[in-house]
Amino acid sequence: MTSELLQQVRIIDPVSVTDQVADVLIEDGYIQSVTNNISDVPQDTYIQDCSGLILGTGLIDLYSHSGEPGFEERETLCSLLKAAAAGGFTRISILPDTSPVVDHPAVVAQLLELGRWGEKSTPLPHHPTTLSQKPHLNIWGAITLDVAGKQMTELADLAVAGVVGFADGQPLENTALVRRVLEYLQPLGKPVALWCCDRQLRSNGVMREGPDSLRFGLPGNPAASETSAIAALIELVAATETPVHIMRVSTARSVELIASAKSQGLPITASTTWMHVLLDTESLKSYNPNLNLDPPLGNPSDLLALRQAVRTGIVDAIAIDHAPYTYEEKTVAFAEAPPGAIGLELALPLLWQHLVETGEFSALQLWQALSSRPAECLKQKLSAIAPGQKAELTLFDPQQSWKVDRQNLHTLSQNTPWLGQQLTGRVVKIWIP
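What you see is a predicted model; the values in this text were computed from it and never measured.

Talk me through the pattern of salt bridges; I want residue IDs and the actual numbers.
Across all of its chains, the model carries 15 salt bridges by this definition. A salt bridge links Arg74 to Glu329; the nearest nitrogen and oxygen atoms lie 2.6 Å apart. Pair noted here: Arg74 is in the loop between strand 6 (59-64) and helix 1 (77-86) and Glu329 is in helix 10 (residues 327-330), with a separation of 255 residues, a long-range link. A relative accessible area of 16% means that Arg74 is categorised as buried. Between Arg202 and Asp294 there is a salt bridge, and its shortest N-O distance comes to 2.6 Å. You can see Arg202 sitting in helix 5 (residues 199-202) and its partner Asp294 sitting in the loop between strand 14 (268-273) and helix 9 (300-312), a full 92 residues away along the chain. A relative accessible area of 15% means that Arg202 is categorised as buried. Overall, the relative accessible area of 23% leaves Asp294 in the partly exposed class.

This is the structure in structure tokens:
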């Protein structure tokens, strides 16, 4: 029997909506006691003074990208899961844009097998061995063959194969196809996540259209490329009544549309990405190719609207959308760089530092957006930090300093604008049932 006592740790529990300091006793993967002072503990209990540390429910990522299979030089499933563990994530969901695409049950089985990197856990290099547990791997099944947006996959077969839900991770611009998809998916009871973007309106835009795009001389992507597609999707949801998750929300007008749809009782959830609530177009003055994202970073008004929407729950969750690329792929001119950046190991410390420590978010609001609400979007359950519950937990030290470099990152790629910088805040340990 293994037993651990965390003394005077700050508990942030978005399930029971509590923020308190207490002792926590964990035995054999279950929480045994949560109280002000625990003195009666089993023999050989590991006792840790956790003053100043944060204990929260495990973080859950809604969608990210794996290199493997097909692009193992960017990321393997092993390195992806290690990065997720080091970032405090106990569950991670990968999009189907691998090679081959996850559009057949055999590929689902292959990925699940590849993801089993050591059932008894594998120690992570350059990090405490307490981070050696393996996050749960969720797999999104493709909606269309080869994620090409033309022909539906065998959705029912993929559901039986064990996908967490359905998403292409690419825009579906054929509205007739979207309607058929929503009708077919309704009886399956699986989440469906859609990225709303009109490619014709987007054209060759690489940053959000506005004063900064004119100032920096980069082709602008108008907000209407996103909002017109969201408006069309809302109409289809109203017609079919199929629940839908809207991915990668990035504009203030999108927030207004989603708020209106929710006020009408439509079954819609939404997420933005961690970089869209941290940065805006002003950051692009560096022309750092690692800031080329899709959708692009918003204007300052978009950033403020997204933060407010996450705080109030209009935008339910913050996703990581971890997108690894090699050094050679990203070391090009800004407009030519493939869009995307890594984030699994960086999101929590940077969000905590810039949102919680500044007082803009409460600790509970951030943890809800990274943990309990993503679980709800995936139609999954998350246990509270309470006696008798399974321990799915993240222990975070908001004061620990570390450098973002190859030695400290577990992902194989380093495509991030924070490369070489010193960060404050790091995950100390995770528990996974």
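Explain the packing of helix 4 (residues 175-185) against helix 7 (residues 224-240) residue by residue, including any values.
Their axes nearest at 10 Å, the elements helix 4 and helix 7 cross at an angle of 35 degrees. Between helix 4 and helix 7 lies a crossing of right-handed hand. Here Thr175, Val178, Arg179, Leu182 and Glu183 of helix 4 come into contact with helix 7, specifically with Leu233, Leu236, Val237 and Thr240. For the contact of helix 4 with helix 7, the per-class residue count stands at five nonpolar, two polar and two charged.

Tell me what's going on with the environment of Glu357, and back it up with residues and numbers.
Residue placement: Glu357 occurs in the loop between helix 11 (347-356) and helix 12 (363-377). The spatial distance from the C-alpha of Glu357 to the C-alpha of Pro398 is 9.4 Å, given a sequence separation of 41 residues. Excluding its chain neighbours within four sequence positions, the residues that come into contact with Glu357 are Trp352, Pro398 and Gln399.

Before we move on, can you summarise the UniProt feature "domain: Amidohydrolase-related" (unreviewed entry) in the protein chain with the specific residues and values?
Under the UniProt annotation, the feature "domain: Amidohydrolase-related" (unreviewed entry) is placed at residues 253-420. In this annotation, residues 253-420 is assigned 32% helix and 12% strand; the end-to-end C-alpha distance for the span is 35 Å.

An account of helix 9 is needed here, citing residue identities and associated values.
Taking 1.5 Å as the rise per residue, helix 9 with 13 residues should run 18 Å; its terminal C-alpha atoms sit 19 Å apart, in good agreement. Every buried residue of helix 9 is accounted for by Asp302, Leu303, Ala305, Leu306, Arg307, Ala309 and Val310. In this structure, the buried residues of helix 9 make contact with strand 11 (207-208), helix 8 (252-263), strand 14, strand 15 (317-319), helix 11 and helix 12. Of the residues one or two after helix 9, Gly313 is the one with positive phi, at around 90 degrees.

Just give me the short version of the sheet that holds strand 14, but keep the residues and values in it.
The four strands lie next to each other as 10-13-14-15, forming an open sheet whose pairing is parallel. With one partner strand each, in any of the chains shown, strand 10 (193-195) and strand 15 form the two edges of the open sheet. The sheet shows a mean angle of 35 degrees between the axes of neighbouring strands, direction not considered. Sheet topology note: the strand 10/strand 13 (residues 244-247) ladder contains three bridges and is parallel.

Give a description of the layout of surface pockets that names residues and reports values.
A volume near 460 Å³ is recorded for the largest pocket. Contributing to the lining of the largest pocket are 25 residues, with His65, Asp97, Ala323, Tyr325 and Pro339 lying nearest its centre. In terms of residue class, the lining of the largest pocket is made up of twelve nonpolar, eight polar and five charged.

If you had to explain the sheet that holds strand 7 (residues 89-94) to someone new, which residues and values would you point to?
If you walk across this open sheet you meet the four strands as 6-7-8-9, and the pairing is parallel. The outermost strands of the open sheet, each flanked by one partner alone, are strand 6 and strand 9 (165-166). Bridge count for strand 7 against strand 8 (residues 136-141) is four bridges, and the pairing is parallel. Directly across from Ile94, in strand 8, lies its bridge partner Ile139. On top of the sheet, helix 2 (residues 105-114) reaches strand 7 and strand 8; it is set at about 160 degrees to strand 8, its chief contact.

Quick notes on the rules
- Residues numbered from 1 in each chain as written.
- Predicted model: local features only at pLDDT ≥ 70, side-chain atom pairs only at ≥ 80, totals over all residues.
- Heavy atoms only, no water.
- Salt bridge = Lys/Arg side-chain N within 4 Å of Asp/Glu carboxyl O.
- Helix = DSSP H or I, 4+ residues; strand = E, 2+ residues; numbered from the N terminus.
- Buried < 20%, exposed > 50% of the residue type's maximum accessible area, 1.4 Å probe, protein only.
- Axes fitted to C-alpha atoms, helices over the stretch in contact; angles between N-to-C directions.
- Left-handed = near helix turned anticlockwise from the far one by under 90°.
- Contact = heavy atoms within 4.5 Å.
- Nonpolar A, V, L, I, M, F, W, Y, C, P; charged D, E, K, R; others polar.
- UniProt positions renumbered as here; feature names shortened; annotations may be inferred.
- Expected span 1.5 Å × (residues − 1).
- Pairing = 2+ DSSP bridges.
- 1 Å grid on protein atoms, 1.4 Å probe; cavity = no way out; pocket = protein on both sides within 12 Å on 5 of 7 lines; lining within 4 Å.
- Points joined across faces, edges and corners; volume = space filled by probe spheres on them.

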